[in-house]
Every structure is written in structure tokens, then in C-alpha cells.
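Fold and geometry: a report
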Amino acid sequence: ASNTNTNTNTNTNTILISFEVFIRVSHTFVHSKIHKPSRVQMGSAFDPLAMATEEPAVVNSTPLLSNLTQEELKRIAAYKAVEFVESGMVIGLGTGSTAKHAVARISELLREGKLKDIIGIPTSTTTHEQAVSLGIPLSDLDSHPVVDLSIDGADEVDPALNLVKGRGGSLLREKMIEGASKKFVVIVDESKLVKYVGGSGLAVPVEVVPFCCDFTRGKLEELFREAGCKAKLRMKIGSNGGDAAPAVTDNGNYVVDLYLERDMGDLEAASKAILRFPGVVEHGMFLGMATTLIVAGKFGVTVRDRFG
């Protein structure tokens, strides 16, 4: 992974794919036809993928894609990402509602014999359980310190391909595995595109040790006071509606969620400032790590590479 130019625009190669989606029983099969447009229109008010060029994109499947649900768009993006997987690779298996489709697709291709000798490294216990149930061979970073490719979703993506991840609580393992990857493909639907990190108004997670967690929470809130930050310890409702307790990560830590009203500014400086607090384990800003972004939207799918 590279941490180059995290706050500047990246070079892009953009591809637009139109899909015919067939529902058989409860399964979606995706067949793609690739176009190379001069212009991409994603249909959102803010589109960091937009490119001003000579001709409009040809989108044959606009009426079909516009009727797809968010879950179907996630599946399409995930299936496209799995096209990067080759036999013999060590694959970082992401966590979350989008990444689970990529894990399932890899398993399907293994069963069909279209992929062979794949080793998966899961980013959470949830993904580990899914991969085991699907028969994907697994290992870890101790045995495979270099990962060929990781595929994962994101909670936010800014115009420079900086990410917010970890609203599912798996940010530490995700960052360890995806940071060890030669290539990191991020898969999202267009609702995850933001103008700046924290721009959705939803959480920017920070994993903290349980010891004096409220002290750490207060320090984090104070750090980003100028950005209108409210820092909240993530809570989980007990079984059968019982008393709430702090949400616990796979590593036995807690999560403090930062809610920002304004741009926090220099992301590298913010990252270093967060990590200077002794009670902080890791934060959910993935800066300069994504090498490829795949976005599924109602007008098509775009594939954007950080390095042209």
C-alpha cells in the first residue's frame, strides 16, 4: 500500500460497464459488456469520479441499473472486483455487507474450478466464519506476510480515494491485512462517495483500549473541536433488549466514534495526532491505501485506478 498524495487528486483510468442482471431463484448473475467512455456520469450531486471530456458515455443499461436495489449494486461491484483474482493468489478477504459478496463469489469460482490454489486471509471473525463455511482455504499474515490482493468495502470514499472504514468494528485487522497488500480493491455503491472524510455525518471510528476509555474519548473530542466533533463510545444493546454495554472488537478493544460537522483538514496530520494518544490502538482512516476503486451506481459501474 502507498501513502502518496492523500489529499490531492489521483490519476485515473475509468471504465464504465453496463450489466444485464438476471434473477434465477434468489441468485443474481451478472454479465458485463465493457465500454471505454470519454465521460462518466454517476448521477449523484457530488461525483469524485466525474471527468470532463469530449463525448458522453454510452450507457446501454441505464433503465435496468436504475431499478436495482442497493444490495444488488453491492453485489455487482463485488463481482467486478473478483475479476482481479487469479489462481495461486493470497487474498485479503474483507468484512461487511459488500465484501461478503466477493467472498461468496470467490468460493463459487473455486467450486467451479475457475480459480485454484487460493489462500484467503480474513479481516474479521465474521469473515473467517463465512470463508470456512464456504470452503475457502485460510491462513494469516504470520504465514503469508505479503498479500497479493485485498478486496473490501468502505464506509466513505473521498475524491483522493482516502477511505473511512471500521463502522463494522474490524478496522484494525482490515488495516493490517490491506496495508500488507500489493493491490487493494475497494468496492462501494455510489452512496459512499463524500466530499471529505467524515462528510457523510456518520462515524469515523477509532479503536481504543478499554482502560480509561472515557478519558481517551474526551481527548479525541477535544482534538477535533474545531471540526465540530462529538466523540461517542460505541454501545451495543444486550441480548433480549438488555442493558447496553460497550461494543467489543475482535481484539477485545472498544470503539470511539467521531462525528464531524466540518472537514478536519490535513488528514496525515490528523492521523498522526490521533495515534499519539496512548489509549488509541488504530483509527478508521485508510489514507493512500486503495489502489483501485469500483463504484456501482444507477447509471453503471466505474473502475478507477489510483495510479494511471
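Residues numbered from 1 in each chain as written. Predicted model: local features only at pLDDT ≥ 70, side-chain atom pairs only at ≥ 80, totals over all residues. Heavy atoms only, no water.

Per an unreviewed UniProt entry, the protein goes by the name ribose-5-phosphate isomerase and belongs to Capsella rubella. In the Catalytic activity (unreviewed entry) part of its UniProt record, the protein is described as follows: "aldehydo-D-ribose 5-phosphate = D-ribulose 5-phosphate". Its UniProt record gives the protein the following Sequence similarities (unreviewed entry) comment, quoted word for word: "Belongs to the ribose 5-phosphate isomerase family." (UniProt positions renumbered as here; feature names shortened; annotations may be inferred.)

A few words on the overall build of the protein. Check the secondary structure of the protein and you find seven helices and 17 strands. For the protein, the share of sequence-separated contacts (at least 6 apart) that also reach a separation of at least 24 residues comes to 73%. Accessible area for the protein stands at about 14300 Å²; split by element, carbon and sulfur atoms hold 51% of it. (Helix = DSSP H or I, 4+ residues; strand = E, 2+ residues; numbered from the N terminus. Contact = heavy atoms within 4.5 Å. Areas by Shrake-Rupley, 256 points an atom, 1.4 Å probe, with all protein chains shown as cover.)

Moving on, we come to the pattern of salt bridges. Two side chains bearing opposite charge may form a pair once their charged atoms approach each other closely. For the coordinates displayed, the defined rule picks out 13 salt bridges. Aspartate 152 is paired through a salt bridge with lysine 165; the nearest N and O atoms lie 2.9 Å apart. Separated by 13 residues along the polypeptide, aspartate 152 in strand 5 (residues 147-152) and lysine 165 in the loop between strand 7 (163-164) and helix 5 (171-179) bring together distant segments of the chain. For lysine 165, a relative accessible area of 2% translates into the label buried. When salt bridges that share partners are traced, they join Asp152, Lys165 and Glu174 into one network. (Salt bridge = Lys/Arg side-chain N within 4 Å of Asp/Glu carboxyl O. Buried < 20%, exposed > 50% of the residue type's maximum accessible area, 1.4 Å probe, protein only.)

Spatially, three strands are ordered 6-7-15 in an open sheet, and the strand pairing comes out antiparallel. What marks the edges here is a single partner per strand, and that holds for strand 6 (156-157) and strand 15 (285-286). Relative to strand 7, strand 6 is paired through two bridges, and the arrangement is antiparallel. Residue pairing in the sheet places glutamate 156 in a bridge with valine 164 of strand 7. (Pairing = 2+ DSSP bridges.)

Judged by pairing direction, the sheet is antiparallel, and its four strands sit side by side in the order 10-13-9-14 without closing on themselves. Each edge of the open sheet is held by one strand with a lone partner, namely strand 10 (230-233) and strand 14 (280-283). Neighbour-to-neighbour, the strand axes of the sheet open up by a mean angle of 25 degrees, direction not taken into account. Where strand 10 and strand 13 (residues 254-259) come together, four bridges link them in antiparallel fashion. Residue pairing for strand 13: lysine 230 is matched across the bridge by tyrosine 259. Here helix 6 (residues 213-223) sits on the sheet and contacts strand 9 (204-208), strand 10, strand 13 and strand 14; the angle it forms with strand 10, its principal contact strand, is near 160 degrees. Lying over the sheet, helix 7 (residues 267-275) contacts strand 9 and strand 14, oriented at roughly 160 degrees with respect to strand 14. (Axes fitted to C-alpha atoms, helices over the stretch in contact; angles between N-to-C directions.)

The next point concerns the packing of aromatic side chains. Summed over the entire model, instances satisfying the criterion amount to zero aromatic pairs. The ring of phenylalanine 286 is capped by lysine 175, whose NZ or CZ atom sits 4.9 Å from the centre of that ring. Directly above the ring of tyrosine 259 sits lysine 232, whose terminal nitrogen or CZ lies 5.4 Å from the centroid. (Phe/Tyr/Trp six-rings, centres within 6.5 Å; stacked < 30°, edge-to-face > 60°. Lys NZ or Arg CZ within 6 Å of the ring centre and 35° of its normal.)

Before going further, it helps to examine the packing of helix 2 (residues 70-82) against helix 3 (residues 99-111). Where helix 2 meets helix 3, the axes come as close as 8 Å, and the angle between the chain directions of the two elements is 50 degrees. In this view, helix 2 runs oblique relative to helix 3, as classed from their interaxial angle. Both helix 2 and helix 3 take part in a crossing whose hand is right-handed. Listed contacts from helix 3 to Glu71, Lys74, Arg75, Ala78, Tyr79 and Val82 of helix 2 are Lys100, His101, Ala102, Arg105, Ile106, Glu108 and Leu109. Of the residues in the contact of helix 2 with helix 3, the class split is six nonpolar, one polar and six charged. (Parallel < 35°, antiparallel > 145°, perpendicular 65-115°, else oblique. Left-handed = near helix turned anticlockwise from the far one by under 90°. Nonpolar A, V, L, I, M, F, W, Y, C, P; charged D, E, K, R; others polar.)

Turning our eyes to something else, we now look at the nonpolar core. Counting residues in each nonpolar core, the largest one holds 27 residues, and the members touching the most others are Val85, Ile91, Ile106, Ile151, Ile187 and Ile294. The set of elements that each furnish at least two residues to this core consists of helix 2, strand 3 (90-93), helix 3, strand 5, strand 8 (181-189), strand 16 (292-297) and strand 17 (300-305). Looking at which element gives the most residues to this core, the answer is helix 2, with six residues. Sequence-distant contacts of isoleucine 294, that is, excluding residues within four places in its chain, are made with Ala77, Lys80, Ala81, Phe84, Val185, Val186, Ile187, Val188, Val301, Thr302 and Val303. (Core = buried A, V, L, I, M, F, W, Y, C linked by side-chain atoms within 4.5 Å.)

Attention now goes to the pairing of strand 3. Covered by surrounding structure in strand 3 are Val90 and Gly92 together with Ile91 and Leu93, the residues of both alternating faces. As a crossover connection, the stretch from strand 3 through helix 3 into strand 4 (residues 119-122) is right-handed. Alignment of strand 3 against strand 5, held across three bridges, turns out to be parallel. Each bridged residue has a counterpart across the sheet, and for isoleucine 91 the counterpart in strand 5 is leucine 149. (Right-handed = clockwise from strand over helix to strand, strands pointing away.)

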